[in-house]
Amino acid sequence: MHIPDGFLDLKICLITYALTIIFWFFAFRKAKETLTDKQIPLMAVLTAMFFAAQMMNYPIIGGTTAHLLGGPILAITLGPYGGLISMSVILLIQALFFGDGGLTTLGANVWNMGIIGVFIPYIVWILLPKNRNRMVLGAFLGAFIGDVLAAISAGLELGFSTKFLYGISISVPVMAVHHSIMGVGEGIVTSIIILILLKSRPDLLNLPKITPKWLTK
Amino acid sequence: MKSKKMIIAGMIVSIIFVIVGCVWLSASAETLDKVAEELEAFESPIWNPPLPDYELPGFEGNLIVNIGIGILFTLIIFTVAFGVGKVLQKSVRK
């Protein structure tokens, strides 16, 4: 889902950068207030883990592959602003060192994977009342919906970009259909990780979250 | 102590991801790349990354080098994320 340089026109790049910068501003400000000694190692480990997970491309349809985003777990354990910071570190290093996603499109990639792909799973997660089964269901649904919406967002950016030859009627369905399969994979992995955490380290699910006030329970 | 265990477990899982990922990585293109190819859209990079497509120039397709790069950058990202966390935490204590 990493959009490279050249796929988005200047207008789309600027709009997505502007939106992302607003979220970065609030995320860093909130992180300063809430980060604890327990959260920092967790944030570092999860950031490294989902960088590694993004290297694991699994086959989906039509000879294409997809990879996990990691946004749902980052959001559930760290809060959406924490997840945004983690995902931004991953995406910046991927763009700078590996050319995985462009620099002009970094704002769009962070918007899709680091904001939509993080906030949507968190919203779904907190909407469900908390018992064990609902936590697992919430993790699955949140991850699935988050991945599909992130893909739709990428499809809209591509479709509205004058650099991309085809409009949203093609770009959005293609991205959504392919990534809905990835969303199922992300949902399953997220649910499994939540189950493991519930059994072995439930305290990690109860850490204070780096989250905006409007998403505080 | 609990954090130490969590870090070790997390890094072991990450290394497993890297190894599995490097073995599978070249299987086929990512959806967006494939779609772009079909729709005749082209990348125009503004920056030459030192390790394009997670490979060391001159050692393309070398599984051991690719795994090495993956593990090295997993450790770098751990350090960067840890550093970002510490800097943010420090900045509020001043």
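For the structure, check the block above.
Attention in this report is confined to the structure presented alongside it. Computed from a prediction, not measured in an experiment: that's the story for all the values here.

Let's talk about the overall build of chain B
Part 1: Counting secondary structure elements, chain B contains 3 helices and 1 strand.
Part 2: Start at the N end of chain B and walk to the C end: the helices and strands fall as α-β-α-α.
Part 3: With 94 residues in all, chain B has 32% of them scored as buried.
Part 4: Total accessible area on chain B stands at roughly 5900 Å², and carbon and sulfur atoms take up 67% of it.

Comments concerning unusual backbone geometry
Part 1: Positive phi, close to 55 degrees, is recorded for D53 of chain B, a residue that is not glycine.
Part 2: In this structure, D53 of chain B sits in the loop between α2 (31-38) and α3 (63-93).

Focus: the nonpolar core
Part 1: Ranked by size, the top nonpolar core spans 85 residues in total, and within it M1, F7, F51, F98, W125 and I194 of chain A carry the most contacts.
Part 2: Among the elements that line this core, the one with the most residues is helix α5 (residues 106-127) of chain A, at 12 residues.
Part 3: Core analysis: the second largest hydrophobic core is formed by 6 residues, V45 and A48 of chain A together with M11 and F78 of chain B among them.

Considering the packing of aromatic side chains
All names here are of chain B.
Part 1: Within the structure shown, the criterion is met by 12 aromatic pairs over all chains.
Part 2: Judged by centre distance (5.9 Å) and plane angle (35 degrees), the rings of F78 and F82 are tilted. Of this pair, F78 and F82 both sit in helix α3, 4 residues apart, which is roughly one turn of the helix.
Part 3: Here F78 falls in the buried class, since its relative accessible area comes to 16%.

Considering α5 of chain A
Given 3.6 residues per turn, any residue in an α-helix points the same way as the ones three and four places further on.
Residue and element names in this part refer to chain A.
Part 1: Between its first and last C-alpha, α5 extends 30 Å over 22 residues, near the 32 Å set by a 1.5 Å rise per residue.
Part 2: For α5, the principal kink sits at I116 and spans about 25 degrees.
Part 3: Burial analysis of α5 places 19 of its 22 residues in the buried class, the great majority of the element.

What to know about the interface of chain A and chain B
Note on interface size: it is often stated as the accessible area lost on association of the parts.
Part 1: Each partner contributes to the interface: chain A provides 59 residues, whereas chain B provides 55 residues.
Part 2: With both chains or domains summed, chain A and chain B bury close to 5200 Å², and 74% of this area falls on carbon and sulfur atoms.
Part 3: Interface area lost by chain A to chain B is led by K32, M55 and F98 of chain A, which between them contribute 14%.
Part 4: If you look at where chain A meets chain B, you find 1 salt bridge.
Part 5: Measuring nitrogen to oxygen at the nearest pair gives 3.7 Å for the salt bridge that ties D37 of chain A to K86 of chain B.
Part 6: For the interface between chain A and chain B, the tally reads 9 residue pairs in polar contact (both at pLDDT 80 or more).

Brief notes about the environment of I152 of chain A
Residues and elements named next belong to chain A.
Part 1: Summarising the element assignment, I152 is placed in helix α6 (residues 132-160).
Part 2: It is 5.4 Å that separates the C-alpha atoms of I152 and A176, two residues lying 24 residues apart in sequence.
Part 3: With sequence-adjacent residues up to four places away left out, I152 is seen in contact with V172 and A176.

What about the packing of helix α1 (residues 10-34) of chain A against helix α4 (residues 80-98) of chain A?
Residues and elements named next belong to chain A.
Part 1: Two numbers describe how α1 lies on α4: the axes approach to 9 Å, and their chain directions differ by 115 degrees. Here α1 is positioned roughly perpendicular relative to α4, judged by the angle of their axes. Relative to α4, α1 is oriented so that their crossing is left-handed. On α4, the residues touching F23, W24, F26, A27, F28, K30 and A31 of α1 are Y81, L84, I85 and S88.
Part 2: For the contact of α1 with α4, the residue count by class is 9 nonpolar, 1 polar and 1 charged.

The rules behind these values
Residues numbered from 1 in each chain as written. Chains lettered and ligands numbered in written order. Predicted model: local features only at pLDDT ≥ 70, side-chain atom pairs only at ≥ 80, totals over all residues. Heavy atoms only, no water. Helix = DSSP H or I, 4+ residues; strand = E, 2+ residues; numbered from the N terminus. Buried < 20%, exposed > 50% of the residue type's maximum accessible area, 1.4 Å probe, protein only. Areas by Shrake-Rupley, 256 points an atom, 1.4 Å probe, with all protein chains shown as cover. Core = buried A, V, L, I, M, F, W, Y, C linked by side-chain atoms within 4.5 Å. Phe/Tyr/Trp six-rings, centres within 6.5 Å; stacked < 30°, edge-to-face > 60°. Expected span 1.5 Å × (residues − 1). Bend = angle between axes of the 7 residues up to and from the residue. Contact = heavy atoms within 4.5 Å. Buried area = accessible area lost by both parts, 1.4 Å probe. Salt bridge = Lys/Arg side-chain N within 4 Å of Asp/Glu carboxyl O. Polar contact = N/O pair within 3.5 Å; in protein donor to acceptor, adjacent residues only side chain to side chain. Axes fitted to C-alpha atoms, helices over the stretch in contact; angles between N-to-C directions. Parallel < 35°, antiparallel > 145°, perpendicular 65-115°, else oblique. Left-handed = near helix turned anticlockwise from the far one by under 90°. Nonpolar A, V, L, I, M, F, W, Y, C, P; charged D, E, K, R; others polar.

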